[in-house]
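Results of the structural survey
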Amino acid sequence: MTILDPTRASHGHAPGIQAKRRKPYGQMATGTLIVAIAALFVWSQAANENLDWSSVGEFMFHPVIFKGIAVTLELSVFSMLISVVLAFGVALMCQSKNRLAAVVGRLYVWFFRGVPLLVQILIWFNLAVLFPKILGADTNQLISGFTAGLCALSLAESGYMAEIIRGGILSVSKGQTDAGLSIGLTRGQALRRIVLPQTIRVIIPPTGNQFIGLLKASSLVSAIGGSDLLTQTQLIYGQNFKIVPLLIVATAWYLILVSVASIGQYFLEQKFSPDGAATRRPFRELIRRNVLLRNHPDLPRKAVQP
Amino acid sequence: MVIDDVHKWLGKNHILRGVNMSVAPGEIVCVLGPSGSGKSTLLRCINGLEAVESGTVEVGGDRVGYKMHKGQLFEHTERESARMRRRIGMVFQHFNLFTHMTALENVSYGPRRVLGLSKAKAKEQGLDALGKVGLKDKAGSYPAQLSGGQQQRVAIARSLAMKPQVMLFDEPTSALDPELVGDVLQVMKRVAEEGMTMVVVTHEIGFAREVADRVIFMDEGRVIESGPAAQVLDNPSHERTANFLRHVR
């Protein structure tokens, strides 16, 4: 005979239900299967001589790899920033009363979301074929692997961000604009000072996701030798043929970068949660709660009005 | 305030079909009528949130949405309509408080950014307005932390802080829980007693009877009946008014 809930019983509040517990055979079977497969996988790796762990250690902190990480970060951060600026413009165009602006905005989103990123990267890299000279400068001098990658990533990303921002603007109720107008703001002022600040809260979480996607997508730049993390990895294994250990190094670093970005995203989301104003907590408290995992009494929450 | 033969279409719907009314300074007018009769649209046309297709709306002697210049009528620029709207306060059915600002920020935003008062002066004016609606202690609260009734009172304070010539109320108590309606009506009564010119679209017959100088009954985009509260409410001369009042009671 087993007592199903020993904590309750030991507190003495209730006698507990005296019943025989059923054996979870299904769960036992799944568990065994998972452990078996995992063991098989680990054994296949550990026994594999092609997987040269000492080389992984050797190149994990190699300066060439570090240079690649720096370029990957630069590419991701700069193209994110550029794309957000572009996307705000495009999102406003899409919402514009000016039909031409709206159509151009839609076309922009259609094109840059529609063309595969790798194709966009190759087009930018081969721009010299189309325009041998830009503003009097030699295009091939101007467009390096990095700049081609930056342009392609920024523009492709701005297509997605424009849609996210447009969704954010639409999510702010029309009444907010009406109220802004009624106290004597112009339409432009109501948009800038009332609607857009409320949009930020809505678009922060998806923007975090986009950034993580961008971080990974930046590896496509290796196709044109953009000197990012993957390019540098390929550079090394092109010389010493230790392909798998170096791909493991790249994998590890991408996972680390994405993890750090995810943590950052988590904090941003907490800080800008949709009912953020009502539940805004000081940053110190966030750390206490989420990093140190200490509990504290919940602040009273009120439902947000429709 | 003079409204003369105003027509308004929304798409194919003829919402306002020739509305005529006038409101004297300091007068309190309650507008009653079934839903879809154009009451809310009328308010939105008065402060220029919606443009009218024909007829004129005048507030304080100035035409809303247009100006005369050398014998030619010009549409207002964005700036000119904004300047016009700041003289006309509006309180909405769903409060529409700025959710990213505290109560005090909501109330002092207009005086600071639109009227261009100093930060300290705007804050003082904001606190003053919050005091009038009895919510000085909620100055630091965000709208989501306030009850519906409190939110609506802050919204009234936001309009008051602009020191408007006219205040428009668009069903200010319709979205509230019944027990919160009284507080808001109390505040509106106080505003009325201070001599504000008010146009109130409402279903609160009791409020209309007690506070309104005049009651207007609208149906199908027209003013059907207009007169002193007691006369329209207790002795309606029109069948449709009588019918509506029977249903509301």
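Quick caveat: nothing in here was measured; it's all calculated off a predicted structure. (Residues numbered from 1 in each chain as written. Chains lettered and ligands numbered in written order. Predicted model: local features only at pLDDT ≥ 70, side-chain atom pairs only at ≥ 80, totals over all residues. Heavy atoms only, no water.)

1. Quick notes on helix α9 (residues 239-248) of chain B
Residues and elements named next belong to chain B. Those residues of α9 not exposed but buried are Thr241, Ala242, Phe244 and Leu245. Around the axis of α9, the buried residues are gathered within 165° of arc, so they sit on the same side. Away from its buried face by more than 90 degrees, α9 exposes Glu239, Arg246 and His247. Check the buried side of α9 and you find it contacts β3 (28-32), α7 (205-211), β11 (214-219), β12 (222-227) and α8 (229-234). (Buried < 20%, exposed > 50% of the residue type's maximum accessible area, 1.4 Å probe, protein only. Helix = DSSP H or I, 4+ residues; strand = E, 2+ residues; numbered from the N terminus. Arc of directions from axis to C-beta. Contact = heavy atoms within 4.5 Å.)

2. Some points on the sheet that holds strand β4 (residues 54-59) of chain B
Residues and elements named next belong to chain B. In space, the 4 strands of this open sheet follow the order β2-β1-β4-β5, with antiparallel pairing throughout. If you trace the sheet from one side to the other, it starts and ends with β2 (13-22) and β5 (62-63), each paired once. Pairing of strand β1 (residues 2-10) with β2, which is carried by 7 bridges, proceeds in the antiparallel orientation. Counterpart to Lys8 in the pairing with β2 is Leu16. Along the sheet face, helix α1 (residues 39-46) touches β1, β2 and β4 and points at about 65° away from the line of β2. (Pairing = 2+ DSSP bridges. Axes fitted to C-alpha atoms, helices over the stretch in contact; angles between N-to-C directions.)

3. Overview of the packing of aromatic side chains
All names here are of chain A. Summed over all chains, the structure comprises 8 aromatic pairs over all chains. Here Phe61 and Trp253 contribute two aromatic rings whose centre-to-centre distance is 6.1 Å and whose plane-to-plane angle is 90°, an arrangement assigned as edge-to-face. On the criterion of sequence distance, the pair formed by Phe61 in the loop between α3 (53-60) and α4 (63-95) and Trp253 in helix α13 (residues 243-271) is long-range, its members being 192 residues apart. For Phe61, a relative accessible area of 55% translates into the label exposed. Accessibility expressed as a relative area gives 11% for Trp253, which makes it buried. The interplanar angle of 70° and the centroid separation of 5.9 Å between the aromatic rings of Tyr266 and Phe267 together place this pair among those described as edge-to-face. Residue classification places Phe267 among the buried positions, given a relative accessible area of 14%. (Phe/Tyr/Trp six-rings, centres within 6.5 Å; stacked < 30°, edge-to-face > 60°.)

4. Points about the confidence of the model for chain B
For chain B, per-residue confidence averages 91 on the pLDDT scale, and 100% of positions sit at 70 or higher. Two numbers describe this predicted complex: its pTM, 0.79, and its ipTM, 0.92. (pLDDT = per-residue confidence, 0-100.)

5. Looking at the side chain of B:Arg153
Tracing the chain through its elements places B:Arg153 in helix α5 (residues 148-160). With near-sequence residues (within four places) excluded, B:Arg153 lies in contact with B:Val133, B:Gly134, B:Leu135, B:Asp183, B:Val184 and B:Val187.

6. Side note on the interface of chain A and chain B
Facing 25 residues of chain A, the contacting portion of chain B comprises 29 residues. Note on chain A versus chain B: buried area summed over both sides is about 2,400 Å², and carbon and sulfur give 56% of it. At the boundary of chain A with chain B, the tally comes to 1 salt bridge. Between A:Asp178 and B:Arg44 there is a salt bridge, with its nearest N and O atoms 2.9 Å apart. Put simply, chain A and chain B have 10 residue pairs in polar contact (both at pLDDT 80 or more) between them. Secondary-structure elements contributing two or more residues to the side of chain A that touches chain B are α10 (174-182), α11 (187-217) and α14 (276-279) of chain A. Residue composition of the side of chain A that touches chain B, grouped by class: 10 nonpolar, 8 polar and 7 charged. (Buried area = accessible area lost by both parts, 1.4 Å probe. Salt bridge = Lys/Arg side-chain N within 4 Å of Asp/Glu carboxyl O. Polar contact = N/O pair within 3.5 Å; in protein donor to acceptor, adjacent residues only side chain to side chain. Nonpolar A, V, L, I, M, F, W, Y, C, P; charged D, E, K, R; others polar.)

7. Points about the pairing of strand β9 (residues 166-170) of chain B
Residue and element names in this part refer to chain B. β9 sits mainly inside the fold: 5 of its 5 residues count as buried. Here β9 shows two buried faces, one formed by Val166, Leu168 and Asp170 and the other by Met167 and Phe169. Both strand β8 (residues 88-91) and β9 contribute to a ladder of 4 bridges, which runs parallel. Considered in β9, the bridge of Met90 is made with Leu168. Direction of pairing for β9 relative to strand β10 (residues 197-201): parallel, over a ladder of 5 bridges. Within β10, the residue paired with Leu168 across the bridge is Val199.

8. Comments concerning α1(B)
When you tally the buried positions in α1(B), you get 7 out of 8 residues, the bulk of the element. Inspection of α1(B) places B:Lys39, B:Thr41, B:Leu42, B:Leu43, B:Arg44, B:Cys45 and B:Ile46 among the buried residues, and these make up the whole buried set.

9. Digging into the sheet that holds β11(B)
Residue and element names in this part refer to chain B. Taken in spatial order, the 6 strands of this open sheet run β8-β9-β10-β3-β11-β12, and their pairing is mixed. Of all strands in the sheet, those bounded by a partner on one side alone are β8 and β12. Adjacent strand axes in the sheet meet at a mean angle of 20°, parallel and antiparallel pairs treated alike. Bridge analysis of β11 against β12 gives 5 bridges, and the strand direction is antiparallel.

10. Here's the deal with the packing of helix α12 (residues 229-240) of chain A against α13(A)
All names here are of chain A. The N-to-C vectors of α12 and α13 enclose an angle of 165°; their axes lie 9 Å apart at closest approach. Our classification of the angle between α12 and α13 gives roughly antiparallel. At the point where α12 passes α13, the crossing takes the right-handed sense. Residue-level inspection shows Leu229, Leu230, Thr233, Ile236, Tyr237 and Asn240 of α12 in contact with α13, the latter providing Ile243, Leu246, Leu247, Ala250, Trp253 and Tyr254. In the contact of α12 with α13, the residues fall into 10 nonpolar, 2 polar and no charged. (Parallel < 35°, antiparallel > 145°, perpendicular 65-115°, else oblique. Left-handed = near helix turned anticlockwise from the far one by under 90°.)

11. Examining the pattern of salt bridges
Scanning the entire structure with this criterion turns up 16 salt bridges over all chains. B:Glu27 is the partner of B:Arg214 in a salt bridge, and the nearest nitrogen-oxygen pair spans 2.8 Å. One end of the pair, B:Arg214, is in strand β11; the other, B:Glu27, is in the loop between β2 and β3, and 187 residues separate them in sequence. Residue B:Arg214 is classed as buried on the basis of its relative accessible area, which comes to 17%. Overall, the relative accessible area of 15% leaves B:Glu27 in the buried class. Here B:Arg246 makes a salt bridge to B:Glu239, at a shortest N to O gap of 3.8 Å. The class of B:Arg246 is exposed, set by a relative accessible area of 55%. Residue B:Glu239 is classed as exposed on the basis of its relative accessible area, which comes to 53%. Linked through salt bridges whose partners overlap, the residues forming this network are A:Lys174, A:Asp178, B:Lys8, B:Arg44 and B:Glu50.

12. Some remarks on the nonpolar core
All names here are of chain B. Counting 47 residues, the largest nonpolar core has Leu130, Ile156, Met188, Met198 and Val215 as the members making the most contacts within it. For this core, the element with the most residues is helix α6 (residues 178-193), which contributes 7 residues. The next biggest cluster of nonpolar side chains, apart from the first, holds 40 residues, and it includes Met1, Val19, Ile88 and Met162. (Core = buried A, V, L, I, M, F, W, Y, C linked by side-chain atoms within 4.5 Å.)

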